Amino acid sequence: QELLQIHSRPLPALDKFESTLVRMGFPKYRTYTTSNANISATSSNSAKHEKASMCMCHLEQRGGINGFSIGGYFCPTCESKYCELPTECSICHLTLVSAPHLARSYHFLFPIEQFIEVTLDELSSPKCFACQHAFDEQKHKSIFKCTSCNNIFCFECDLFIHGTIFTCPGCIR
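All values derive from a computational prediction rather than experimental measurement. (Residues numbered from 1 in each chain as written. Predicted model: local features only at pLDDT ≥ 70, side-chain atom pairs only at ≥ 80, totals over all residues. Heavy atoms only, no water.)

Caption draft 1: Highlighting the environment of Y106. With respect to the helices, strands and loops of the structure, Y106 is situated in helix α3 (residues 99-109). Residues Y106 and F166 lie 60 residues apart in sequence; the distance between their C-alpha atoms is 9.6 Å. (Helix = DSSP H or I, 4+ residues; strand = E, 2+ residues; numbered from the N terminus.)

Caption draft 2: Here's a closer look at the side chain of S80. With respect to the helices, strands and loops of the structure, S80 is situated in the loop between β7 (71-74) and β8 (81-82). The class for S80 is buried, based on a relative accessible area of 8%. The residues touching S80, leaving out its near neighbours within four places in the chain, are M56, Y73, F74, C75, C89 and I91. (Buried < 20%, exposed > 50% of the residue type's maximum accessible area, 1.4 Å probe, protein only. Contact = heavy atoms within 4.5 Å.)

Caption draft 3: Representation of the sheet that holds β8 within the structure. One open sheet accounts for 3 strands, arranged β2-β7-β8; its pairing is antiparallel. Of all the strands in the sheet, just β2 (29-31) and β8 have a single pairing partner and so form its edges. Examined bridge by bridge, β7 and β8 share 2 bridges and lie antiparallel to one another. Paired with F74 across the bridge in β8 is K81. (Pairing = 2+ DSSP bridges.)

Caption draft 4: Quick look at helix α4 (residues 155-165). Restricting attention to buried positions, one finds in α4 the residues C157, D158, I161 and H162. Taken end-on, α4 shows its buried residues confined to a sector of 125 degrees, consistent with a single buried face. Buried residues along α4 sit in contact with β12 (143-145), β13 (152-154) and α5 (169-172). Of the residues trailing α4, F166 is marked for its positive phi of about 55 degrees. (Arc of directions from axis to C-beta.)

In structure tokens form, the structure reads like this:
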């Protein structure tokens, strides 16, 4: 499933759709332990015992012994256990995601607009805003301009902006 998600990109959000809020929970991975104070009458420290439990996803699939583990992601609302994220809690219907999953999907939902190509005659700056290299006719055949901040970028920086960082460095300032 994770391999498929790496190679597929969701469709971008469209402006014509109405926005709605989605309740999300951000569970942390933890092990299920119980404290037992009755181990020794002379000991004042309580000992912790790890308890294996079945996660909800394997319980619903009747996964047998494969679903038992001592660790997992616990829903912050109802404490149901899940072995992987993202998922929806089957008890309280809260969407459970990790912060890195959400951050990775953000730029796919709201992609940066394509820059417009300009000529050397139309330049407002003699150098690329990102890498600060001066433009020349021989080396820079394609020069691009951000439609929001009007900063100028070389071809390599345009590729880096749209393919890696997914945000315009001029619009951030």
